[in-house]
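Per-entry structural report
Residues per chain, in single letters:
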Amino acid sequence: TPAAAAPVIGPGSVLGGGRYRLDALLGEGGMGSVYRSTDTRLNREVALKILGGGLLQHETARARMAREAEALARIEHRNVVQIRDVFDDGPHLVLVLELVTGGDLRGRIERGALEESEAIRIMDGMLAGLSALHGAGLIHRDIKPGNILLTEDGVPKVTDLGIAHDGQGRSMTRTGAQLGTVHYMAPEQIKGGSIDARTDVYASGVVLFELLTGQPPFDGKSDWEIQTSHVQHTPDTSVLKGQFSPHVLSVIECALEKEPDDRWQS
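Residues numbered from 1 in each chain as written. Predicted model: local features only at pLDDT ≥ 70, side-chain atom pairs only at ≥ 80, totals over all residues. Heavy atoms only, no water.

Those residues of helix α7 (residues 246-255) that fall on the buried side of the exposure criterion are Val248, Leu249, Ile252, Cys254 and Ala255. Buried residues along α7 sit against α3 (116-135) and α5 (197-213). (Buried < 20%, exposed > 50% of the residue type's maximum accessible area, 1.4 Å probe, protein only. Helix = DSSP H or I, 4+ residues; strand = E, 2+ residues; numbered from the N terminus. Contact = heavy atoms within 4.5 Å.)

Here is the structure:
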């Protein structure tokens, strides 16, 4: 007998035994949707991340969502998005997250490159959150502007730990896709080698470069071209010279070294 189709959900739907009301769609991705929602029991706004119905047939997808919940629950830090709850609601698997209402770093970059002082302020918070993850034995593996949310007053918060790696050989993958995002992937990640905190350091260097210039250091017409550049080519940092302090330039160059041993170690 064919499995029943998952019911359509959207603004106005109620999940969690009537506790959570979906108010507005915030975003959609390969793993599902995120809604601005109301916790009617506590009368507060939250974000509900809902695993897409079609993906529920894949054990790796369900496990990835559960893995994200477990990872987030281990961290309490002002620069990491906090988890409130996780539950199954019939065909839906749902994470209840802290609502962060200032958009993400991708949207901020799209408005134009940042001044050095603002870029450093944002990076300081982002790296503090990332350090908290590393201190808990987690490697994010997908640091990018879209995974850095901003509060209304500009506090950065690291989110989306669904492909985080716990340093014990356990990790979750996107169903049918490569881990990470090609513009931000370290050479060892592209080559399928071992990863550690320095893999996130590389991605952070890419983010800082993009904050200051509006563009990542490597681009191309295909994922393969971009990956090849990460592995084989030296980033052109000449665009930074004369515009930003030499110290910032040296930080980026060190973070983007091909060999993990040559990068910042934390």
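From this point, things continue past the structure.
What follows concerns the packing of aromatic side chains. The geometry of two aromatic rings is summed up by the distance between their centres and the angle between their planes. Per the counting criterion, the structure on display carries one aromatic pair. Ring geometry for Tyr20 against Phe87: centres 5.5 Å apart, planes inclined by 10°, an arrangement best described as stacked. Here Tyr20 is found in strand β2 (residues 20-29), whereas its partner Phe87 is found in strand β5 (residues 83-89), with 67 residues between them in sequence. Both residues of the pair, Tyr20 and Phe87, count as buried. (Phe/Tyr/Trp six-rings, centres within 6.5 Å; stacked < 30°, edge-to-face > 60°.)

Turning next to the pairing of strand β6 (residues 92-97). Summarising burial for β6: six of the six residues are buried, a large majority. The alternating pattern of β6 places His92, Val94 and Val96 and Leu93, Leu95 and Leu97 on opposite faces, both of which are buried. The sheet contact formed by strand β4 (residues 44-51) and β6 spans four bridges and is antiparallel. Each residue of the ladder has a partner; that of Leu48, found in β6, is Val96. (Pairing = 2+ DSSP bridges.)

Turning next to the packing of α3 against α5. A pair of packed helices is characterised by two quantities: the angle between their axes and the separation of those axes. Remark: α3 packs on α5, axes separated minimally by 10 Å, with the N-to-C direction vectors making an angle of 165°. Judged by the angle between their axes, α3 and α5 are roughly antiparallel. Once α3 is placed against α5, the crossing between them reads as right-handed. Contacts between α3 and α5 involve Glu116, Ala119, Ile122, Met123, Met126, Leu127, Leu130 and His134 from the former and Ala197, Asp200, Ser204, Val207, Leu208, Leu211 and Leu212 from the latter. Its residues assigned to classes, the contact of α3 with α5 comprises eleven nonpolar, two polar and two charged. (Axes fitted to C-alpha atoms, helices over the stretch in contact; angles between N-to-C directions. Parallel < 35°, antiparallel > 145°, perpendicular 65-115°, else oblique. Left-handed = near helix turned anticlockwise from the far one by under 90°. Nonpolar A, V, L, I, M, F, W, Y, C, P; charged D, E, K, R; others polar.)

This part is about the sheet that holds β5. With antiparallel pairing, the six strands of this open sheet are ordered in space as β1-β2-β3-β4-β6-β5. Looking along the sheet, the strands with just one partner apiece sit at the ends: β1 (14-15) and β5. Sheet analysis places β2 next to strand β3 (residues 32-39), joined by eight bridges and oriented antiparallel. Each residue of the ladder has a partner; that of Ala24, found in β3, is Arg36.

Before going further, it helps to examine the pattern of salt bridges. Evaluation of the coordinates by the stated rule reveals ten salt bridges. Its salt-bridge partner being Arg198, residue Asp261 comes within 2.6 Å of it at the nearest N-O pair. With Asp261 in the segment after α7 and Arg198 in helix α5, this pair connects stretches of sequence that are 63 residues apart. On the basis of relative accessibility, which here comes to 61%, the residue Asp261 falls in the exposed class. Here the residues in one salt-bridge network are Asp196, Arg198 and Asp261, joined through shared partners. (Salt bridge = Lys/Arg side-chain N within 4 Å of Asp/Glu carboxyl O.)

Let's shift gears to the environment of Gly18. Turning to its location among the elements, Gly18 is positioned in the loop between β1 and β2. Judged by its relative accessible area of 42%, Gly18 is partly exposed.

Turning next to the environment of Gly12. Turning to its location among the elements, Gly12 is positioned in the segment before β1. Through-space distance from the C-alpha of Gly12 to that of Ala24 is 8.3 Å; in sequence the pair is twelve residues apart.

It is worth spelling out a negative patch on the surface at this point. Together, Glu253, Glu257, Glu259 and Asp262 line one region of the surface with negative charge. If you trace the backbone, Asp262 turns up in the segment after α7. Looking at Asp262, the relative accessible area reads 43%, which means it is partly exposed. (Patch = residues over 30% accessible without salt bridge, like charges linked within 9 Å, V, L, I, M, F, W, Y side chains within 5 Å. Areas by Shrake-Rupley, 256 points an atom, 1.4 Å probe, with all protein chains shown as cover. Lys, Arg positive; Asp, Glu negative; His and termini not counted. Charge placed at Lys NZ, Arg CZ, Asp CG, Glu CD.)

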